[in-house]
Structures are given as C-alpha cells and as structure tokens.
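Secondary and tertiary structure notes
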Amino acid sequence: MKLNGAQILMKVLQEERVDTIFGFPGGTVIDIYDELARTDIRHILVRHEQGAVHAADGYARASGKTGVCLVTSGPGATNTVTGVATAYMDSIPLVVLTGQVPTHLIGNDAFQEVDIVGITRPCTKHNYLVTRVEDLARILKEAFYIARSGRPGPVLVDIPKNVSVAKTDYKPIEKVSIKSYSPTYEPNTKQLKKVMKLVKEAQRPMIFAGGGVILSKAAAELTAFARKTRIPVTMSLMGLGAFPGNDPLSLGMIGMHGTYRANMATAACDVLIGIGVRFDDRVTGKTDCFAAQAKIVHIDIDPTSIRKNVTVAVPVVGDCRISLQHLNRMIDEADLGDLDANRDAWLRQIDEWRRAHKLAYDQNPEGPIKPQYVIDCLYRLTNGKALITTEVGQNQMWTAQYYHFEKPGHFLSSGGLGTMGFGLPAAIGAQAAFPGKPVVDVAGDGSIQMNIQEMATAVEHDLPVKVVILNNGYLGMVRQWQQLFYDKRYAATCMHCAPDFVLLAQAYGAVGLRAERPSEVEPVLREGLETPGPVIMDFRVEKEECVYPMVPAGAPITEMLLA
Amino acid sequence: MIETEEKHILTMLVDNKPGVLSRVVGLFSGKGFNIDSLCVAETIDPAVSRITIVTQANNLVLEQIEKQLRKLINVIKLRDMTGPRAVKREMALICIRAKRENRDEVLRLVDIFRCKIVDVGPQYYIIEATGDRGKMEALISLLKPMGIKKIARTGSIALYREPD
C-alpha cells in the first residue's frame, strides 16, 4: 500500500495508541495537519509552541504515557526548546514532531528554516532529521521506543515538507531494535545481596526516593519495601508522591527547602538507600558533607547518574521497580530481627527533630493572607487528591511543603530546569489526560504571565483547570535571596505593573475570583474549585514571606536557615 | 584528594550517520571534558565509523566520560585503549626549516627516526613521520630548535592486539 509521509505518521501514531496531540500549525506541517484532521486523534491547538510541549509533558507526567506534540519549522521549532529542555532535565517521555523546509532547501537559510536537530542535540535524549520517506516509519517507531525506554526523555523528529508529501510502500514495523542501545533493567544479584547486607546491619537507615521511582511505576514496591524494613523515607522534589506523604515513615522532602528532620536525618544516617535519584545539588548542598556518616546505595537505571556527584558504596544499575521487587522477595525470605526494637531509637530521634522545627506559619485572621495558608486550604478542600501542577519559585516550594501527596502522578512540577510558565500548560495537558479529575495550577504572579495565553486553550477545549495565583507583586524566590543575602536590594524583582487577573480571566471567557483577606480564602477556593470551566483565583498574599527551611547555596544541608 | 589527570585514548565505534560526530564532540564541550586530539574515519563496514579521542582526565571524570559516551544512542562500542594491550600510532607532517647549516642534521634525524621526506623546497622540507606518542614527542622536540614552520598532526589511533 503506497502512503505519503503524513499518512505514515498517522499510522504510526495509531499503532503507538496516541490519542491526543498538542500542537500549532505552520507551512511545513500543513500536509500533516491535513491527514491528522481525518483521524480520530484529538488535536489540542495551543497558543504558543512552548505551551504545546509543556502540555504534552504534563500529559505524560500525569498519565505515564508518552506525550506527543507537533509544531512547524523555524520559530515554531525554536519555541519548543525550553519545553524540550524541561522534559530532558526531568526525564519525561515525549515525542516532539517538528516540520522542516524541503530537503533541497536545507542549509540554504530558507524561509522558516532552523537547524533544530543541531539546537536540541544537547537537550534531547535523541533526535532525528528524516531525509527519505522510506526511513520515516522506522525513525518514528525508534523515537517512541527511545523516549519511553531506559531512562525516559524527549526525542525530536524533524520532518521536511517533501518527506510528508512523498509516497512509499508502507509496511508496519513489528519490532524496534537498536543494536547500540539496550538499557539494563535487571539488576545484578550480587549487588542486591550487598544491599540486603547493609539493610540488615544498619542502625540508622534511610531511603531517599526520587523521580525514577515514579517513572518506573514503582510506588507500591517502594512503599512495601519501606514498611517491611521499617526504614524512613525522604523524597526529592521529583519524588513527591512516590511514598505516601502522610505515612508515619515519611520524612517529607529533602534538600534546599526540605524539612528539618529530613536534612538532619541525612547527616546522621549510617545507610542511605537512593532509589531513582540523581543526587542533584538542590538536594546535596555541599557534597563533601552530604550523608557523611553513611554508606550510600544507589539504585538507578542510568549508569551515568551513579558516582557522578557522591561516592557510592553499593551501585545497582537497574529498573527501580524490578530491583525493588527482587529486594522485597529477598526481605520476605530473610530474617531482619526485631525491627520494632531495632528502629525505635532512630525513629524517636527523627520524631524529636520533627517536633523541634515543624513546617509552620502564623496566619493572623486580621493580617495579610499567608501563601502557605492558601496551600493548606487547597490541600484540605481537595482532600489531597487533586492533580497539582506548579510554576517555579516560592509557589512551587510551598506546594511541595504543604500539599502532602499520597500518590505518584499528582505533583507535576519542573524540577531540573525550573521553568517558569510550565504550570498552566502542564495543567492543561494533565486535564486532557484526566478530564474528570480536579487539576490545579499553583502559580506566582510572575510565572503565570509567562504562558497566560494558554487560558484560551483551556477555555476552547473545555479543560477546566483551576489557577491559584499567590500574588505578592514580586518574583518571590529571587526576592527572598535578595532579602537574605543581598541586604534587601530588590533589583528587578518588583513588578510594578500587573494585570487585573480577574478581568484577564474574564477576557478569555473564564471565571475570575479574588481574595484579599484570610477569611475570603476558603470561600474563594471552594467556589473556584466547584465552578465549572477554567478559573483563575487571585490571592493577594503577604508581600515579603520567605520559604523556610532554607539551605544557602553551597552550604551543608544541616545548616538550614529557619523561620 | 586531588587525583592526577592522565591522558587516555578512547576509541568508539559509531553509526556512520550525519551528525554523530557532532553529538560526540558536543558531549565533550557541553560537559567540559577536554579533547586533546580527534581522529575519525569509516571502518570496513560502511555503516560504522571509528572515532578516536585522546582526553586528559582523572579517574572519576574519565568514568563519567565513558558512561556518557556509552549512553549516546549512536555509540555502538567504546574502549579505553590506554594500556599496553593496544597498538597506538600517530602521524605528522612537519614543515621544517632546511637551510645549509642544518640540512645535514635534519637528514640525520629523519634517518634515525625512520621518517620520510615528502616535499623538498629551497628553504624547507616536509617530513612525514609515524610512530607512537613517545617517538613523535621526541622527534618534534629535537626538530623544534631548528625551526618548525608548521605542523599537521592526526592524533592517536589505536587497535587492540588480537589474542593468540
């Protein structure tokens, strides 16, 4: 059967069971759009290509599926770079399809031509330029395979216009095999035995779980492992939800804005079991001082993460879920002694740390609204079950601290790249994946303006995302640093001009609500959450509130600034 | 403890496709790894090329370099050829001043080092030299005082010795 490139693309998308694409058309992808309109695949037209990538990203983080987006060449492609880098840093499976000028014009500085493969080489897991329609099917299947296997990541496929139009015989590709790429899923049994030995001998063990646990869909196995061994669990920002936040064994988040007890426990532990983490600088603080008394176990599917930042006593290369399944089996067959007695002293010490410095804020009923109070109310009113996206900065940190995530796939936040403007389009993507679930974007007044145009996408496609703006008139996190380390010299962090967010919502055909006093917070949230359709809620919060605890950059994580 | 940085010869077999060299080099520059020299060409299999890079790094960084290279989809195989199990050679074309006062000495060195003179001019010869790194460094240091006008070096290439 002779099909053209665009038709072959549709065939592969259907074989890969893609039901939703986020995109924005242009000259080099008109032929693809022509075919797309004849399929059942839902296309969500965004208002900026960056929004398309973040939406596909949010869709992927929430559903566990591979997100797909389609944009045109030139500026369309370059507008995806921030989104692609965001997905790359957090290892999110995406296939990004970009149009390209016809092959005979490549290299000619043609209209809307850009070397997007060259530009995204460092921030994609892999990328392709398709030069012949005969290669298209294989390349697309490889792209999906690479995106979702091993350590997931974004894969970009650049499709020249003439390739979309050219015809060839189409044969479905049964199996993808790339001889130079074969990730290690099965961990080495000898290494697992060493892990078991450390678990048995440990006096003060700790588990440190991250995004890898969620990507590997290993939350249940992790929870079983922690409970069987009675080992307390801390999480990186990307790992929130991998272990139930309200479990007595949960230490909360670790690192720069982590909890007091998580950071203190890390310094005191004798065995640290890192699962699906990369020991990033936001977590470790000064690396020489990180977990200085502990033997570190590092379980990860990507060998490059192991021994990159910290010294590891027992490296285990393998899939988190498979590794934890093996360990859980080994634990069932082993004798771990009287765990209740053995862990008692350690857990009591941790509880002392918890009581010494709890995450707290003081909401004066007559004073300005505290941003933490808004998150607290949001948590209660949604029963901790909403899908929450965040922007970046203080809004992100307070959400991580005060919304206790019980399950994976509910906290969707740009951790590695820290991209402002991520939250709203990501919420749209998550809502597209789960039309019936409550989806909330927690934003700052700075971040929300970066992709505010996506409100139109939400309204047009009936994606009823709720935006909670913690409006303090500042670029809060940078202002916090200036307050604490630069003698309050607020350079370029005060936004003197701000739109009326209520009117802005209405301008898009959405509902806008505002709260200016603490007594208004709960009623506004309640109304916003219950109103059908997209809603923006503008909370005028305390202007100079800081996120605590805080580990200053380059300091050991035990040296926290406390409220 | 600051580990010593040593030179290592890494050779990798890669897919012979456009952009693969750019990917490998981009990895080095993007992560701040250094490239002393680089040599690339097709192998017997036209679908596969061999890239040979000489880099200088301590053990911890070298481990990262090797892991990051292996992670690249287009890298099929990677080996550190630094030890004695591999045959290593490099080639150079050296344009050396050859005036009456030093011409004899140049010819003598060419003979001792078993090089060839591939171009003769009134003031300069071009010498073609092949050898392991030690031989090349020795030859160049002996020629330098006489006046090397320009030099083109390939950097090291290497192959494992076949087992008996």
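Each remark here, short or long, concerns the structure printed above.
Here goes a summary of the coordinates provided. All figures in this text were calculated on a predicted structure; none of them were measured in a lab.

Secondary structure assignment for chain B yields four helices and nine strands. Counted from the first residue to the last, chain B has its helices and strands arranged as β-α-β-β-α-β-β-α-β-β-α-β-β. For chain B, the spread of C-alpha atoms along the three principal axes comes to 55 × 45 × 40 Å. Within chain B, buried positions represent 38% of all 164 residues. Carbon and sulfur atoms provide 55% of the accessible area of chain B, an area that totals close to 9500 Å². For chain B, the centre of its 27 positive side-chain charges and the centre of its 21 negative side-chain charges are spaced 3 Å apart.

Our focus in this paragraph is a nonpolar patch on the surface. All names here are of chain A. Taken together, the side chains of Tyr88, Met89 and Leu417 present a nonpolar region at the surface, about 220 Å² in accessible area. Among the secondary structure elements, leucine 417 is positioned in the loop between β16 (411-412) and α18 (423-433). Here leucine 417 falls in the partly exposed class, since its relative accessible area comes to 37%.

Another aspect to go through is the packing of aromatic side chains. Residue and element names in this part refer to chain A. Counted under the stated rule, the structure contains twelve aromatic pairs over all chains. Between the aromatic rings of phenylalanine 208 and phenylalanine 279, the centroid separation amounts to 5.5 Å while the plane-to-plane angle is 70 degrees, which identifies the pairing as edge-to-face. Linking phenylalanine 208 in strand β9 (residues 205-209) with phenylalanine 279 in the loop between β12 (271-275) and α13 (281-284), this pair joins segments that are 71 residues apart in sequence. For the pair shown, phenylalanine 208 and phenylalanine 279 are each scored as buried.

On to the sheet that holds strand β17 (residues 439-444) of chain A. All names here are of chain A. Ordered by their spatial adjacency, six strands build an open sheet running β16-β15-β17-β18-β20-β19, and the pairing between neighbours is parallel. Unpaired on one side and paired on the other, β16 and β19 (511-515) mark the two borders of the sheet. Bridge count between strand β18 (residues 466-471) and strand β20 (residues 535-540): six bridges; the pairing is parallel. Bridging across to β20, valine 468 finds its partner in methionine 537.

Time to look at the nonpolar core. Residues and elements named next belong to chain A. Of all hydrophobic cores here, the largest spans 96 residues; its most connected members are Ile207, Leu222, Leu272, Ile273, Ile275, Phe290 and Phe539. With six residues, helix α16 (residues 371-381) is the largest single contributor of residues to this core. Setting aside chain neighbours within four positions, we find leucine 222 in contact with Ile207, Ala209, Val213, Ala242, Phe243, Ile275 and Leu324. Counting residues in hydrophobic clusters, the runner-up holds 43 residues, among them Ala52, Ala60, Ala427 and Val467.

Once that is clear, we can look at the sheet that holds strand β3 (residues 42-45) of chain A. Residues and elements named next belong to chain A. The six strands are arranged β3-β2-β4-β5-β7-β6 in an open sheet whose pairing can be described as parallel. A strand with exactly one partner marks an edge of an open sheet, and here the two such strands are β3 and β6 (126-129). The average angle at which neighbouring strand axes cross in this sheet is 20 degrees, direction not considered. For strand β4 (residues 67-71) and strand β5 (residues 94-100), the ladder comprises five bridges, and the chain directions are parallel. Bridging from a neighbouring strand, valine 71 pairs with threonine 98 of β5.

Below, the discussion takes up the side chain of asparagine 127 of chain A. Within the secondary structure, asparagine 127 of chain A sits in strand β6. Asparagine 127 of chain A sits in the buried class, given a relative accessible area of 3%. One polar contact links the side chain of asparagine 127 of chain A to the main-chain carbonyl oxygen of valine 117 of chain A, over a distance of 2.9 Å. Side-chain polar atoms of asparagine 127 of chain A contact the side chain of arginine 23 of chain B, separated by 2.8 Å.

Criteria and cut-off values
Residues numbered from 1 in each chain as written. Chains lettered and ligands numbered in written order. Predicted model: local features only at pLDDT ≥ 70, side-chain atom pairs only at ≥ 80, totals over all residues. Heavy atoms only, no water. Helix = DSSP H or I, 4+ residues; strand = E, 2+ residues; numbered from the N terminus. Buried < 20%, exposed > 50% of the residue type's maximum accessible area, 1.4 Å probe, protein only. Areas by Shrake-Rupley, 256 points an atom, 1.4 Å probe, with all protein chains shown as cover. Lys, Arg positive; Asp, Glu negative; His and termini not counted. Charge placed at Lys NZ, Arg CZ, Asp CG, Glu CD. Patch = residues over 30% accessible without salt bridge, like charges linked within 9 Å, V, L, I, M, F, W, Y side chains within 5 Å. Salt bridge = Lys/Arg side-chain N within 4 Å of Asp/Glu carboxyl O. Phe/Tyr/Trp six-rings, centres within 6.5 Å; stacked < 30°, edge-to-face > 60°. Pairing = 2+ DSSP bridges. Core = buried A, V, L, I, M, F, W, Y, C linked by side-chain atoms within 4.5 Å. Contact = heavy atoms within 4.5 Å. Axes fitted to C-alpha atoms, helices over the stretch in contact; angles between N-to-C directions. Polar contact = N/O pair within 3.5 Å; in protein donor to acceptor, adjacent residues only side chain to side chain.

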